[in-house]
Amino acid sequence: MEALCELAGHPERCAPSIHIAGSKGKGSVTSMLASMLTAAGFRAARYMSPHVTDIRERICISSGKNAVSFFSEDVYCSAGDELRYTAEVLLPAAAAQQAASQQAAALFDECEPTFWELLTLLFFLCARQAKCDVMIVETGMGGRLDSTNVVDPLVSVITLIELEHTNFLGDTITAIAGEKAGIIKQGKPLILAKQCDEALEVFKKKIHEKNCQLFYFPEIAELSDINITPQGTEFSLSPTLRLSIPIPGKVQAENAALAITALKTAFPEIGEEVIRSGLANLKMPARFEKIANEPAFIIDGAHTPESLAFCVETFCSLYGEGGILIFGCAADKDITAMANIIHTNSTCSRFSKIIITTPGTFKISDPSLVYETFASIAGKEKTVLIPDTQEAVKLAKEYARESEETSLPILGTGSFYLAAEIRKIIINS
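This text gives an overview of the structure that appears in the document. (Residues numbered from 1 in each chain as written. Predicted model: local features only at pLDDT ≥ 70, side-chain atom pairs only at ≥ 80, totals over all residues. Heavy atoms only, no water.)

Take the overall build of the protein chain next. Of the regular secondary structure elements, the protein chain holds 16 helices and 17 strands. In terms of C-alpha radius of gyration, the protein chain reaches 22 Å, essentially the compact-globule figure of 22 Å for 429 residues. With the C-alpha coordinates aligned to their principal axes, the bounding extent of the protein chain is approximately 75 × 50 × 45 Å. A sequence separation of at least 24 residues applies to 71% of the contacts in the protein chain between residues at least 6 apart. Per element, the accessible surface of the protein chain, about 18,900 Å² overall, is 50% carbon and sulfur. Charged side chains in the protein chain number 38 positive and 52 negative. The centres of these two groups are separated by 4 Å. (Helix = DSSP H or I, 4+ residues; strand = E, 2+ residues; numbered from the N terminus. Rg over C-alpha atoms; globule rule 2.2 N^0.38 Å. Contact = heavy atoms within 4.5 Å. Areas by Shrake-Rupley, 256 points an atom, 1.4 Å probe, with all protein chains shown as cover. Lys, Arg positive; Asp, Glu negative; His and termini not counted. Charge placed at Lys NZ, Arg CZ, Asp CG, Glu CD.)

See the structure below:
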């Protein structure tokens with residue numbers, strides 16, 4: 001990635017940046033920062049994943065009244081031409097020229113650019129083409145070896161750490177925290193979400209090594225007066241800062257607090273009214289998004305045990321227990337932990353029906369294994385396997401309308417790819 005950036009003339013240095021890593025919430029923090037910076041008048045380029053309906057959602061620019069909008073077609077095309085020339089002409093030429101050097105040869109040997117490296121470089125090239133003022137950059141996976149870790153940000157943000165991508169990042173919290181800590185840069189501030197003791201120890205050690213200022217959220221601020229409704233979340237961050245975001249959930253208030261702290265650290269001149277305006281105009285598909293009424297249909301990209309727990313708690317607090325669940329997750333997820341979150345030992349089960357389906361085709365999944373796991377915990381009488389997502393949505397609606405009183409609410413979750421597929425089905429129906 002460093003070689004590609006050098007050959008392309010270092011587009012990752014075209015504007016100041018904010019870098020975000022973490023197991024959950026990093027997409028929300030990225031979007032919130034983009035929205036607030038837009039409200040402040042910045043042309044803010046935003047890089048995040050996954051997308052919900054259009055791959056250009058991963059590479060966006062915020063400007064004017066729109067919190068998120070695509071770059072112009074000219075920008076994508078010009079940056080694409082630069083990308084192709086860098087990867088297909090400059091990189092092979094550099095490899096051939098340096099073939100006599102053992103060190104340089106090792107750098108290029110069996111090292112063709114990956115999809116993620118090319119996509120990340122495309123983002124930097126788009127940001128440079130569009131003359132953006134600031135870049136908000138979300139890591140794809142981990143941090144230390146992530147393709148985005150070529151930026152030297154004004155401030156880094158690390159959200160909550162969980163066991164995830166253990167086949168790549170390690171199978172302990174300590175190992176995963178070590179990978180995330182790789183985005184911490186020499187002398188640059190770190191905004192850190194609340195962590196377990198093992199993760200916090202890793203981050204504090206890295207902070208000491210890098211001589212950085214640490215803003216550990218539990219020690220610098222406190223959320224209060226949180227009010228969650230189907231329309232969104234209101235909360236106070238300080239005695240004078242009462243805020244509202246159009247997404248329900250306490251976890252989104254926590255994400256907003258991280259984003260505000262990062263914003264004020266990087267741009268201390270930005271005032272409270274801009275923060276209020278930016279958060280109020282936030283648009284984030286598949287983050288506890290209501291996509292239909294009668295029956296109420298919510299989709300959420302929760303894909304880790306803790307994020308799923310927050311999602312289910314919010315759903316049940318707003319719509320009651322006994323609704324319909326459509327669930328699908330990638331093969332590398334902790335299925336048993338998720339099944340235990342879905343099914344509690346309470347006298348009123350959280351969901352009356354659980355439909356297991358395929359979470360899209362982008363990642364490897366095993367719906368049959370997910371079904372067997374859920375059925376063993378929640379019971380076969382309430383769990384059904386429908387691999388085709390369109391059929392799963394149809395069945396969920398049928399179950400929802402079987403209620404004698406009012407239609408039961410439906411929640412689709414477990415994967416952003418599943419949420420995206422459900423959203424497409426509902427919108428096109």
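Moving on to the sheet that holds strand β13 (residues 297-299). Here six strands make up an open sheet; going across it, the order is β12-β13-β17-β14-β15-β16 and the pairing mixed. The sheet is open, and its two borders are formed by β12 (289-292) and β16 (383-385), each paired with just one other strand. On average, adjacent strands in this sheet sit at an angle of 25° to one another, irrespective of strand direction. Bridge analysis of β13 against strand β17 (residues 410-413) gives three bridges, and the strand direction is parallel. Opposite Phe 297, over in β17, you have Ile 410 as the bridge partner. (Pairing = 2+ DSSP bridges. Axes fitted to C-alpha atoms, helices over the stretch in contact; angles between N-to-C directions.)

Attention now goes to the packing of helix α2 (residues 26-39) against helix α11 (residues 272-280). The description of two packed helices rests on the angle between their axes and on the distance between the axes. Contact geometry for α2 and α11: axes closest at 8 Å, N-to-C directions at 125°. The orientation of α2 relative to α11 falls into the category oblique. α2 and α11 meet at a crossing whose hand is right-handed. Along the contact surface, α2 presents Met 32, Ser 35, Met 36 and Ala 39, while α11 presents Val 274, Ile 275, Ser 277, Gly 278 and Leu 279. Considering only residue class, the contact of α2 with α11 consists of six nonpolar, three polar and no charged. (Parallel < 35°, antiparallel > 145°, perpendicular 65-115°, else oblique. Left-handed = near helix turned anticlockwise from the far one by under 90°. Nonpolar A, V, L, I, M, F, W, Y, C, P; charged D, E, K, R; others polar.)

Here we take up the environment of Ala 256. Mapping Ala 256 onto the fold places it in helix α10 (residues 250-266). Sequence separation of Ala 256 and Ile 341 is 85 residues, and the distance between their C-alpha atoms is 25 Å.

What follows concerns the pairing of strand β14 (residues 323-327). Among the five residues in β14, five count as buried, and that is most of the element. Pairing of β14 with strand β15 (residues 351-356) involves five bridges; the strand directions are parallel. The residue of β15 that forms the bridge with Phe 327 is Ile 356. Where β14 and β17 come together, four bridges link them in parallel fashion. Each residue of the ladder has a partner; that of Leu 325, found in β17, is Leu 411. (Buried < 20%, exposed > 50% of the residue type's maximum accessible area, 1.4 Å probe, protein only.)

Right, let's get into α2. Under the 1.5 Å per step criterion, the end-to-end length of α2 is 20 Å for 14 residues, consistent within 8% with the ideal 20 Å. Counting buried residues in α2 gives 13 out of 14 residues, a clear majority hidden from the surface. Positive phi appears at Gly 41, one or two residues downstream of α2, with a value of about 95°. (Expected span 1.5 Å × (residues − 1).)

Moving on: the sheet that holds strand β11 (residues 242-245). Whether parallel or antiparallel, the strands of a sheet pair through hydrogen bonds between backbone atoms. Strand order across the open sheet formed by three strands is β9-β10-β11, with antiparallel pairing between neighbours. Edge positions in the open sheet fall to β9 (224-229) and β11, since each of these has one partner strand only. Each strand of the sheet is rotated relative to its neighbour by a mean of 10°, with strand direction disregarded. Looking at chain direction, β9 and strand β10 (residues 232-236) are connected through four bridges and run antiparallel. Looking at β10, one finds that Thr 229 is bridged to Gly 232.

So, on to the side chain of Lys 382. Assignment of secondary structure puts Lys 382 in the loop between α14 (367-378) and β16. For the buried Lys 382, which has no salt bridge, the nearest side chain bearing the opposite charge is Glu 381, at an N-O separation of 6.6 Å. Those residues in contact with Lys 382, other than ones at most four positions away along the chain, are His 343, Ser 349, Phe 351, Ser 352, Lys 353 and Ile 354. (Salt bridge = Lys/Arg side-chain N within 4 Å of Asp/Glu carboxyl O.)

Oppositely charged side chains are able to pair whenever their charged atoms sit close together. All told, the structure shown has 13 salt bridges when counted by the stated rule. The closest approach of N and O atoms between Glu 313 and Arg 350, which form a salt bridge, is 2.4 Å. With Glu 313 in helix α12 (residues 305-319) and Arg 350 in the loop between α13 (335-342) and β15, this pair connects stretches of sequence that are 37 residues apart. Looking at Glu 313, the relative accessible area reads 43%, which means it is partly exposed. It is possible to trace a salt-bridge network through shared partners that takes in Glu 272, Glu 273 and Arg 276.

At a closest axis distance of 9 Å, the pairing of helix α3 (residues 73-97) and helix α5 (residues 115-129) adopts a crossing angle of 130°. Compared by their axis directions, α3 and α5 come out oblique. Two packed elements cross with a definite hand, and for α3 against α5 that hand is right-handed. Seen from α3, the contacting residues are Val 75, Tyr 76, Ser 78, Ala 79, Gly 80, Glu 82, Leu 83, Thr 86 and Ala 87; seen from α5, they are Leu 118, Leu 121, Leu 122, Leu 125, Cys 126, Arg 128 and Gln 129.

Attention now moves to the nonpolar core. Counting residues in hydrophobic clusters, the biggest one holds 67 residues, and the most contacted among them are Leu 33, Leu 37, Phe 267, Leu 279, Phe 327 and Phe 374. Tyr 47, Ile 61, Leu 125 and Val 151 belong to the second-largest nonpolar core, a separate cluster that totals 29 residues. (Core = buried A, V, L, I, M, F, W, Y, C linked by side-chain atoms within 4.5 Å.)

What follows deals with helix α8 (residues 197-210). Spanning 14 residues, α8 covers 20 Å between terminal C-alpha atoms, matching the ideal 20 Å at 1.5 Å per step. Within the sequence span of α8, burial applies to Ala 199, Leu 200, Val 202, Phe 203 and Ile 207. Along the axis of α8, the buried residues cluster in a sector spanning 160°; they form a single face. Of the exposed residues in α8, those oriented more than 90 degrees away from the buried face are Asp 197, Glu 201, Lys 205 and His 208. Where α8 is buried, its residues meet β6 (155-158), α7 (173-180), β7 (190-192) and β8 (214-216). Looking one or two residues past α8, Asn 211 carries a phi angle of roughly 55°, positive in sign. (Arc of directions from axis to C-beta.)

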